[in-house]
Amino acid sequence: MTLILSKNDSAMLAGEQGRGKQFAMRIVSQMAKAMGATSLVDISSAHIDGCLYNGQASVDFVKHAVEIGAEVSVPTTLNVGTLDLIHPELFRGEEKVAEAGKFIMESYQKLGCKPSFTCAPYQLPKRPEFGEHIAWAESNAIVFANSVLGARTNRYGDFIDLCAAISGRVPYSGFHTDEGRRAQHVFKLKGFSDELLTQETLFTAVGLFVGRKTESRIPVIVGLPSDASEDALRALGAASATSGSVGLFHAVGITPEAVTLDDALQHQDAEIVEIIKPDDLRQVLKNLSTATNKETLSAICLGTPHFSIHEFEALMTILENYSGRVEMEFYINTGRHVLAQLEERGHVKELEGRGIQLVIDTCTYITPILKNLDGVVMTNSGKWAYYAPGNIGVQVAFGSLEDCVKSAYLGEVSQDDRIWS
């Protein structure tokens with residue numbers, strides 16, 4: 001297949017619009033050829049994952065972009081960085097890593113990117129609408145944009161995301177096309193009581209199960225409650241992108257392209273139909289905890305992806321049942337935009353008074369913040385539980401938000417999984 005460039009694409013490639021756009025278009029066009037795309041498409045926004053320090057290449061790339069005068073051409077937000085720039089004292093790693101991380105975070109702002117530093121750009125005031133073409137990086141943001149919002153983005157990794165933001169163009173392929181969004185793998189929930197369908201941990205478990213099973217196919221899920229919240233769908237998407245490579249899922253009667261199962265399949269037969277039973281998800285949740293009952297609980301980590309304002313309100317309600325300070329380190333990762341809302345509502349001082357530390361701009365599973373890595377860390381995030389043992393070397397206990405708060409005040413792991421039994 002031959003890639004056909006527009007006049008504007010050719011002008012960028014020829015350097016007529018500056019070295020920055022020429023540099024970006026060279027990479028975008030080569031990527032398009034590798035993907036077999038025959039054309040490019042305009043994007044309305046971008047979200048950059050490359051602002052996290054991942055070695056010298058991540059420094060050199062953005063440094064070069066700044067030196068040649070590159071600027072983003074569409075509204076562009078930034079994913080989490082290496083540091084919490086609001087609370088830099090939390091960082092417990094090497095000074096040279098902190099310096100490199102800060103340099104990268106500041107350099108992307110010089111390119112015109114907004115200092116959002118959140119893995120949940122869909123929580124920002126302006127977010128993509130149905131059918132909009134975007135170039136988002138960060139796995140949970142990609143799957144949320146495609147699935148819940150109905151926007152269109154492929155998986156854009158480090159460096160490619162910036163080139164898309166500078167050029168304003170991406171290959172017209174994959175999830176950007178109608179045919180590239182057709183579901184092929186049907187998952188049907190069977191044997192679930194109404195009570196079990198209301199459990200907070202259900203969506204994480206479904207996501208982990210689907211991610212492991214679906215391989216490169218697009219899944220469609222039948223049987224989830226129709227009133228599922230965005231936070232629940234976000235947990236499902238983040239988990240499915242963590243345990244597998246899901247960039248788009250459909251949920252019948254919930255997500256915009258799956259009013260019916262036939263809609264999600266685009267009126268074609270499914271390649272695979274698979275039943276999900278309660279026992280399947282019970283085992284998934286059991287496997288998510290790596291800790292035994294012998295280890296000491298040392299910390300609680302919430303907010304992966306970043307805690308939403310609705311999750312904070314749920315937390316504040318749970319905290320009404322407890323008094324005083326928590327018995328251990330307690331961290332909640334969230335974004336600057338949510339922090340502003342918390343300050344307006346007077347929640348920040350109350351959380352601090354209880355010994356709960358807000359972590360902004362970054363996340364506790366990717367940067368050294370925890371003081372004690374010897375004990376068990378408890379979380380309600382499937383993504384945190386999945387990655388933290390390998391990333392920072394801790395043992396993990398998984399539970400609901402209420403389990404985590406109760407454990408923080410008890411000083412030991414408390415998991416109420418009776419409904420799953």
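Basis of the calculations
Residues numbered from 1 in each chain as written. Predicted model: local features only at pLDDT ≥ 70, side-chain atom pairs only at ≥ 80, totals over all residues. Heavy atoms only, no water. Pairing = 2+ DSSP bridges. Helix = DSSP H or I, 4+ residues; strand = E, 2+ residues; numbered from the N terminus. Contact = heavy atoms within 4.5 Å. Axes fitted to C-alpha atoms, helices over the stretch in contact; angles between N-to-C directions. Core = buried A, V, L, I, M, F, W, Y, C linked by side-chain atoms within 4.5 Å. Buried < 20%, exposed > 50% of the residue type's maximum accessible area, 1.4 Å probe, protein only. Phe/Tyr/Trp six-rings, centres within 6.5 Å; stacked < 30°, edge-to-face > 60°. Parallel < 35°, antiparallel > 145°, perpendicular 65-115°, else oblique. Left-handed = near helix turned anticlockwise from the far one by under 90°. Salt bridge = Lys/Arg side-chain N within 4 Å of Asp/Glu carboxyl O.

Right, let's talk about the sheet that holds strand 9 (residues 272–276) for a bit. By way of backbone hydrogen bonds, the strands of a sheet pair with one another, either parallel or antiparallel. Within the open sheet, the four strands sit side by side as 8-7-6-9. Their pairing is parallel. Among the strands making up the open sheet, the edge pair consists of strand 8 (250–251) and strand 9. Pairing analysis gives four bridges linking strand 6 (residues 185–189) to strand 7 (residues 219–222), with the strands arranged parallel. Residue pairing in the sheet places Phe-187 in a bridge with Ile-221 of strand 7. This element, helix 8 (residues 200–214), spans strand 6, strand 7 and strand 9 of the sheet and lies at about 150° to strand 6.

What follows covers the nonpolar core. Side chains of nonpolar character tend, in soluble globular proteins, to be buried together. With 57 residues, the main nonpolar core has Phe-192, Leu-202, Ile-221, Leu-224, Leu-281 and Trp-384 as its most contacted residues. If we skip the residues at most four places from it in the chain, Leu-224 touches Leu-189, Leu-202, Phe-203, Val-206, Leu-236, Ala-251 and Ile-254. Of all hydrophobic cores here, the second largest spans 42 residues; its members include Val-72, Leu-78, Ala-100 and Leu-111.

This next bit is on the packing of aromatic side chains. For the coordinates displayed, the defined rule picks out eight aromatic pairs. Here the aromatic cluster, defined as three or more aromatic residues joined through ring pairs, consists of Phe-23, Phe-61 and Phe-159.

Axis separation between helix 3 (residues 56–67) and helix 4 (residues 95–110) bottoms out at 10 Å; the angle between their running directions is 30°. The orientation of helix 3 relative to helix 4 falls into the category roughly parallel. Two packed elements cross with a definite hand, and for helix 3 against helix 4 that hand is left-handed. Two secondary-structure elements touch here, helix 3 through Ser-58, Val-59, Val-62, Lys-63 and Val-66 and helix 4 through Ala-100, Phe-103, Ile-104, Ser-107, Tyr-108 and Lys-110.

So, about the pattern of salt bridges. All chains considered together, the criterion is met by 16 salt bridges. In this structure, the salt-bridge partner of Arg-217 is Glu-215, at a minimum N-O distance of 3.5 Å. Linking Asp-279 and Arg-282 is a salt bridge whose minimum nitrogen-to-oxygen distance equals 1.9 Å. Pair noted here: Asp-279 and Arg-282 are both in helix 11 (residues 278–288), with a separation of three residues, about one helical turn. Put simply, Asp-9, Asp-42 and Arg-169 are held in one network by salt bridges that share partners.

Reading across from one edge, 12-11-10-13-14 is the order of the five strands in this open sheet, with parallel pairing throughout. Edge positions in the sheet fall to strand 12 (357–360) and strand 14 (395–398), since each of these pairs with one other strand and no more. Each strand axis lies, on average, 30° off the axis of its neighbour in the sheet, ignoring direction. In this structure, strand 13 (residues 376–379) lies alongside strand 14, joined through four bridges in parallel fashion. In the strand pairing of strand 14, Met-378 is matched with Ala-397.

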